[in-house]
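Chains, contacts and geometry: an overview
The primary structure of each chain is shown beneath.
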Amino acid sequence: MSPTLITRKSLADEVAAKLQERILKGTYKINQKLPVEAELMKAFGVGRSTIREAVKILVNSGFLRVQQGIGTFVEDSSGINEPLGQRLKRASAKNIDEVREILEMKIAEKAAMNRTGNDISKLEHFLKRRTKAAHDNLIEDCIDAHVSFYIALAEASKNDILADLYKQFAVQLKNDLLIAHPDTTFFKNAPDNHHKLLDSVLREDPKMAWYWSAKITGQIIK
């Protein structure tokens, strides 16, 4: 299992997110000079290196600009083109989940319409891996197989944009699952809806694939 998908928010990322929130709320106005480092250190309770790294993150994202010898100023962020991966790092788990759930339902529907035999083989493989890892209480292997199942489902949709978009969310999804689940209890006790989702995709039934995806994400309760 590759560890490259496992990312943790650094202290600098957290400070950058809080600074950006203040900018977006208007606490710091466009073209306003940021407080000096000592004030920011006191305000956020962190060291100088963390403040500098947080400022660097926001400069690279286009929220701040540095004028040498003068200071750091709030940039006009309208029309900003922040990379999605960077944006997801500072997004709340709730917002990520909402968008991911919408993607998963559409992906399931399209996968049922466009899947190939090879796609089915991949989905079956990752679902079996997830089940075995859950039974053996191997949480990282279980989560890796779970996320890989959804990536394979996205690829089965045959929509490259949907697949690439979901892969971006999968990075954060894997990290959030590792934080939320110290063991495989959740995966062992969860209803067997993923097999029903797979069966719908196998049967090329987009309506039922959408239904079981919605059931899994909690959009449908009954």
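The structure displayed is predicted, hence computed values, not measured ones.

Calculation rules
By convention here, each chain's residues receive numbers from 1 onward along its written sequence. Residues qualify for local features only when their pLDDT is at least 70, as the model is predicted, and side-chain atom pairs are given and counted only at 80 or more; totals for whole chains, interfaces and linings, by contrast, use all residues. Side-chain metrics in this entry use all non-hydrogen atoms of the structure; hydrogen atoms and water are not considered. Only strands that DSSP links by at least two bridges are regarded as paired with each other. A helix here means a DSSP run of H or I that spans at least four residues, while a strand means a run of E at least two residues long, and both kinds are numbered starting from the N terminus. Throughout, nonpolar core names a set of buried Ala, Val, Leu, Ile, Met, Phe, Trp, Tyr and Cys residues whose side chains join them through atoms within 4.5 Å. Only protein chains enter the area calculation, which uses a 1.4 Å probe; residues under 20% of their type maximum are buried, those over 50% are exposed, and those in between are partly exposed. Any two residues whose heavy atoms approach within 4.5 Å at even a single point are treated as in contact. Think of a polar contact as two N or O atoms within 3.5 Å of one another; within protein, one of them needs to be a possible hydrogen donor and the other a possible acceptor, and neighboring residues in sequence only count if both atoms come from side chains.

This part is about the pairing of strand E1 (residues 64-67). Working note: regular strand, side chains alternate between the two faces of the sheet. With four bridges connecting them, E1 and strand E2 (residues 71-74) associate as antiparallel partners. For Leu-64, the partnering residue across the bridge sits in E2 and is Val-74. A loop of three residues connects E1 with E2, the two strands running antiparallel in sequence, and Gly-69 in this loop sits at a positive phi of about 80°.

Turning to the nonpolar core, a few remarks are in order. Counting residues in hydrophobic clusters, the biggest one holds 39 residues, and the most contacted among them are Leu-123, Leu-153, Tyr-166, Leu-197 and Val-201. Mapped onto this core, the elements with two or more residues apiece are helix H5 (93-114), helix H6 (117-135), helix H7 (139-156), helix H8 (160-180), helix H10 (193-202) and helix H11 (206-217). Sort the elements by how many residues they give to this core and H7 lands first, with 11 residues. With residues up to four places along the chain from it excluded, the contact list for Leu-123 reads Phe-149, Ala-152, Leu-153, Leu-198 and Val-201. Counting residues in each nonpolar core, the second largest holds 18 residues, with Leu-40, Val-46, Ile-57 and Phe-63 among its members.

Structurally, Asp-144 can be placed in helix H7. At 2.9 Å, the side chain of Asp-144 forms a polar contact with the side chain of Arg-129.

Scope: geometric values only; no functional claims are made or implied.
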